[in-house]
Amino acid sequence: MKRVLSTILCIATALSVLTACGGSKGSASPGNASASNAAGDWDVLTVGISTDPQTMDPALNSNFAPCQVRRNVYEPLFQFDADYNVIPCLADSWEYLDDCTLKVHINDKATFSNGEPVTSEDVMFMIEHSVGTAADTYTTGIDKEATYASVLDEKTFCIITKEPSANQLQMLCSSFCGVFDKSDYDAKNGDFFAGIAGSGPYKFDSYVAGDNYVLVKNENYWNNEACPNRMGKILFRIITESANRAIEAETGGVDIVFNVGASDIDRVKANDALQYESIFTFNAQYIFLNMQHDILSNEKVREAIKYAIDRETIVRMGYGEMGKVLQAAVVADLPGAADVSGFLVQRDVEKAKALLAEAGYPDGFTLKFTCDNSNQERMDAGEAMQAQLAEVGIQLKIDAMDAASLVLSNESGAHDITIYGYSAASGEAGSALVRFLPETATWPLTGYPQDDILVDYIRNGLASIDLDTRYDYYKKAQERIMELGCVIPLYSKEVNAVLAKYVDADSFRMEKSFETHQLWNVVWDFAYTQQ
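In this report, we go over the structure that sits alongside the text. None of these values were measured; they are calculated from a predicted model.

Here we take up unusual backbone geometry. For residues that are not glycine, phi is negative in most cases, and the peptide bond is trans in most cases. The phi angle at Gln54 is positive, at roughly 65°, despite the residue not being glycine. The residue Gln54 is located in the loop between β1 (44-49) and α2 (64-70) in this model. For Gln54, a relative accessible area of 41% translates into the label partly exposed. Of note, Asn189 is a non-glycine position whose phi angle comes to about 55°, a positive value. Tracing the sequence through the fold places Asn189 in the loop between α6 (182-187) and β8 (202-208). Among the residues examined, Asn189 registers a relative accessible area of 72% and is labelled exposed.

Put into structure tokens, the structure is as follows:
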């Protein structure tokens, strides 16, 4: 049956204005205001981020900071509005010719920062470039070998999949699907730090490793009328220490900073010169038990660890009053989330000890816990878990590293235990469950042996157009994950941003999906700056 999701251009343009680069209170510069922003220049927005993205390639590095930077430069075909409905970005219309064939037309006005038009060939190359990276699940779906594209003309193409892909449009909203100029990519030998042209409201200017990224206004932006008041420059400062991010906000070193630590929130909220914003995301945090590890491959050992820890205490020690304990296998209020409370247990030290003895480890053993050294909450949670496991004879050694190294460690299966999150990028349970499939870059986090039951549940769910059928498969998949015991649900993630009082909070939008908070329409609050 033909499913028409085509959006006519007049509606697309209106929605784009309202959501992609929404209206503002005025120009970016308050003129004669006596106050000063972080840069001492009202045409520069200074933003603090927690980690060094280390790349501008849309397909690389699945951490949040890269998405926060590069989404301003490389636009996807589609995007979410404030209610997480799919609306146009580079594409202005689309339709399903059948359940497996998506036909897309690129906006005729869309151009890259170098003035070249965005073409079907560029989109095709973006998809090809993503295969084998963290992005390929977003661009091609789960059947990489069976997905192909057909160029119909310069601005029209089809993406054809072997099976239906229920969340295809939502996944293509991801910053991993940012389109770039193929010819420019070839001319610059694939070096994104050479400034490969994108179509976004900003373009790459410079990078100092471990210190900052600078983006400058794209004067050739094809949708410039939608956000005419954007800043001339965005300076992303890399501030890895959680406490330092709060201090920089308090001392005026940044205009906006993402993710201040839980222990600093009350102090920040009490500061009259700052504004505190927070949002629950689509990200579920788990304790991952690597089943490829000799000891953790033992089912009784994994069960013992479940009984040895108290999730509530770990969450509160790590995250304070932020977020909440995860009571599901994905974020509990996502469409398609299932009740798995029957698999969750209360702490029982004696039962944990008995299970370890049955497993052949009455005297315990030593494991390594890897974590991100820029994420104080995870480090604190790890220390809480370390103390609890010690009571049953399990010694947990904490190995803290930078965020990029952690991603590589986890995705290569070099960890024993770690805390990490899976985001439901589409706003539905399936886009988190897909991360458990063996063919994804994130499978080594669990390292579970081949399990056809789980794989079939996930794949069948992702391919089911009928909502009830899809959610039933998702429910069975979540129950199967809990039966395998490769993860312990821990934390439903809440993220925050701190804004200087002179930032117009209404012009800044936080995002639940990969924390790609929208900066391109941020303006200053004239009333405050002129006090």
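With that out of the way, let us pick up the pairing of strand β5 (residues 101-106). Across six bridges, the pairing between strand β4 (residues 91-98) and β5 is antiparallel. Note that in β5 the partner of Trp94 across the bridge is Val104. Adjacent in sequence and paired antiparallel, β4 and β5 are bridged by two residues. Bridging between β5 and strand β7 (residues 156-160) involves five bridges; their strand directions are antiparallel. When the bridges of β7 are listed, Val104 appears paired with Phe157.

Here the focus is the side chain of Asp416. Tracing the backbone shows Asp416 in the loop between α13 (403-411) and β16 (417-423). Among buried charged residues, Asp416 stands out as having no salt bridge; its nearest opposite-charge side chain is Lys368, 5.6 Å away. A distance of 2.8 Å separates a polar side-chain atom of Asp416 from the backbone nitrogen of Lys368.

Inspection of the entire model under this criterion finds 28 aromatic pairs. A ring pair is formed by Tyr84 and Phe282, whose centres lie 5.2 Å apart and whose planes are at 70°; its orientation type is edge-to-face. Residue Tyr84 is located in the loop between β2 (78-80) and β3 (86-88), and its partner Phe282 is located in strand β12 (residues 274-289); the two are separated by 198 residues in the primary sequence. A relative accessible area of 18% means that Tyr84 is categorised as buried. We classify Phe282 as buried; its relative accessible area is 10%. What links up through ring pairs into an aromatic cluster is the set Tyr74, Phe125, Phe180, Tyr185 and Phe192. One cation-aromatic arrangement involves Lys182 over Phe125; the distance from NZ or CZ to the ring centre is 5.3 Å. Positioned above the aromatic ring of Tyr307 is the side chain of Lys351, whose terminal nitrogen or guanidinium carbon lies 5.1 Å from the ring centre.

What counts as what
Residues numbered from 1 in each chain as written. Predicted model: local features only at pLDDT ≥ 70, side-chain atom pairs only at ≥ 80, totals over all residues. Heavy atoms only, no water. Helix = DSSP H or I, 4+ residues; strand = E, 2+ residues; numbered from the N terminus. Buried < 20%, exposed > 50% of the residue type's maximum accessible area, 1.4 Å probe, protein only. Pairing = 2+ DSSP bridges. Lys, Arg positive; Asp, Glu negative; His and termini not counted. Salt bridge = Lys/Arg side-chain N within 4 Å of Asp/Glu carboxyl O. Polar contact = N/O pair within 3.5 Å; in protein donor to acceptor, adjacent residues only side chain to side chain. Phe/Tyr/Trp six-rings, centres within 6.5 Å; stacked < 30°, edge-to-face > 60°. Lys NZ or Arg CZ within 6 Å of the ring centre and 35° of its normal.

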